[in-house]
Amino acid sequence: MKNKLLLLSLLCLALEVGRMLYSGSLSYIFLLWNLFLAAIPYLVSLHIQRTQNSIPKLIGKSMLWLLFLPNALYIITDLKHLHERPPIPEWFDCLLLFSYSTLALFFGLLSLYNMHQVFKRYASAFTQHTIVFCISLLAGFGVYLGREERWNSWDLFTNPLDLISECLSLSTVPHVWAFSTCYGIAFLIMYYIISSLIHYPHETPNQLA
């Protein structure tokens, strides 16, 4: 899996570099930074999964993972930047944005899968799925905070009081719930599809006949 993610990462990098060299423009350079942020929850989840953690450490690392998880969904909203930018044809920018958003989603979905495996060590099946559901909605809310309110993950450390105050004030706004729920449920459904594919049995030709 890591090799495939690396291959797709190299493709994304090649598309961005090729675009910059051909156009002499840095129009989509922000995609590199957004993709880096999207990779953080995946890397954190790998670390958590591979190390033995006390409960306090596990909670702390899980909170760090959750804090950066919305970045994996956020790149989807970068599609709003798509419009014709000569001399680059629009079809190329479609591929560019699609590739980055797909890779970012893979990072997010696989990181949630890794964390789900960790949850299995400590919680019942019902509790696991409840946690996954809540995490998905929180990720959707995080996307709203980033796209619409322009907050960053690290603002929880640099400006915590204002961020918390903003979250509380937004908790009663209907369109915030609609945005968060739509993104959260979409992420949740995609997660269970990816999860089922990971566990899909490898059937032999005789079994398929």
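Our subject is the structure that appears above.
What you see is a predicted model, and the numbers here were worked out from it, not measured in a lab.

A. Just the overall build of the chain, in detail. Within the chain, the secondary structure is distributed over ten helices and zero strands. Along the chain, from the amino end to the carboxyl end, the secondary structure elements read α-α-α-α-α-α-α-α-α-α. Expressed as a percentage of its 209 residues, the buried residues of the chain come to 42%. Both charge centroids of the chain, one from 12 positive and one from 11 negative side chains, sit 15 Å from each other.

B. Molecular detail of helix H1 (residues 2-23). The terminal C-alpha atoms of H1 lie 31 Å apart, and with 22 residues this matches the ideal 32 Å at 1.5 Å per residue to within 8%. Those residues of H1 not exposed but buried are Leu5, Leu8, Cys12, Leu15, Glu16, Arg19, Met20 and Ser23. Burial along H1 is one-sided: seen end-on, the buried residues are contained in an arc of 125 degrees. In H1, the exposed positions angled more than 90 degrees off the buried face are occupied by Asn3, Leu7, Leu21 and Tyr22. Buried positions along H1 lie against helix H2 (30-50) and helix H5 (90-119). Following H1 by one or two positions, glycine 24 has its phi on the positive side, about 65 degrees.

C. Quick peek at a nonpolar patch on the surface. Together, Trp33, Phe36, Leu64, Trp154, Leu156, Phe157, Ile164 and Leu168 make up a nonpolar patch on the protein surface, roughly 820 Å² of accessible area in all. Going through the elements one at a time, H2, helix H7 (155-158) and helix H8 (160-170) are the ones with two or more residues in the nonpolar patch. Among the structural elements, isoleucine 164 can be located in helix H8.

D. Up close: the pattern of salt bridges. Scanning the entire structure with this criterion turns up two salt bridges. Put simply, aspartate 78 and arginine 147 hold a salt bridge, and the shortest N to O gap is 2.7 Å. Of this pair, aspartate 78 sits in the loop between helix H4 (70-74) and H5 while arginine 147 sits in helix H6 (residues 125-147), and the two are 69 residues apart along the sequence. Residue aspartate 78 shares its accessibility class with arginine 147, and that shared class is buried.

E. Summary view of the packing of aromatic side chains. In the structure shown here, the tally under the stated rule is eight aromatic pairs. Measuring from centroid to centroid gives 5.6 Å for tyrosine 42 and phenylalanine 107, while their planes differ by 40 degrees, and the two rings are tilted. One end of the pair, tyrosine 42, is in helix H2; the other, phenylalanine 107, is in helix H5, with 65 residues separating them in the sequence. Side by side, tyrosine 42 and phenylalanine 107 carry an identical accessibility label, which is buried. Between tryptophan 91 and phenylalanine 92, the ring centres sit 6.0 Å apart and the planes meet at 70 degrees, which makes this aromatic pair edge-to-face. The class for phenylalanine 92 is buried, based on a relative accessible area of 16%. Among the aromatic residues, ring-to-ring pairing joins Trp33, Phe36 and Trp154 into one connected group. Across from the ring centre of tyrosine 28, 4.7 Å away, lies the NZ or CZ of arginine 85, which sits over that ring.

F. Layout of helix H3 (residues 55-68). Between its first and last C-alpha atoms H3 spans 20 Å; for 14 residues at 1.5 Å apiece the expected length is 20 Å, and the two agree. Of all the positions in H3, only Leu58, Ser62, Trp65, Leu67 and Phe68 are classed as buried. Summarising the contacts, the buried residues of H3 are in contact with H2, H4, H5, H6 and H7.

G. The arrangement of unusual backbone geometry in detail. Here proline 86 and proline 87 are connected by a cis peptide whose omega angle stands at 10 degrees. Checked against the element boundaries, proline 87 lands in the loop between H4 and H5. Phi angles above zero are rare outside glycine, and arginine 150 is one such case at about 65 degrees. Positionally, arginine 150 belongs in the loop between H6 and H7.

H. Here's a closer look at the packing of H3 against H5. It is the contact of H3 with H5, at a shortest axis distance of 12 Å, that shows an interaxial angle of 160 degrees. The pairing of H3 with H5 is recorded here as roughly antiparallel in orientation. Here H3 runs over H5; the crossing is left-handed. Of the residues in H5, those in contact with Leu58, Ser62 and Trp65 of H3 are Ser111, Leu112, Met115 and Val118.

Rules behind the numbers
- Residues numbered from 1 in each chain as written.
- Predicted model: local features only at pLDDT ≥ 70, side-chain atom pairs only at ≥ 80, totals over all residues.
- Heavy atoms only, no water.
- Helix = DSSP H or I, 4+ residues; strand = E, 2+ residues; numbered from the N terminus.
- Buried < 20%, exposed > 50% of the residue type's maximum accessible area, 1.4 Å probe, protein only.
- Lys, Arg positive; Asp, Glu negative; His and termini not counted.
- Charge placed at Lys NZ, Arg CZ, Asp CG, Glu CD.
- Expected span 1.5 Å × (residues − 1).
- Arc of directions from axis to C-beta.
- Contact = heavy atoms within 4.5 Å.
- Patch = residues over 30% accessible without salt bridge, like charges linked within 9 Å, V, L, I, M, F, W, Y side chains within 5 Å.
- Areas by Shrake-Rupley, 256 points an atom, 1.4 Å probe, with all protein chains shown as cover.
- Salt bridge = Lys/Arg side-chain N within 4 Å of Asp/Glu carboxyl O.
- Phe/Tyr/Trp six-rings, centres within 6.5 Å; stacked < 30°, edge-to-face > 60°.
- Lys NZ or Arg CZ within 6 Å of the ring centre and 35° of its normal.
- Axes fitted to C-alpha atoms, helices over the stretch in contact; angles between N-to-C directions.
- Parallel < 35°, antiparallel > 145°, perpendicular 65-115°, else oblique.
- Left-handed = near helix turned anticlockwise from the far one by under 90°.

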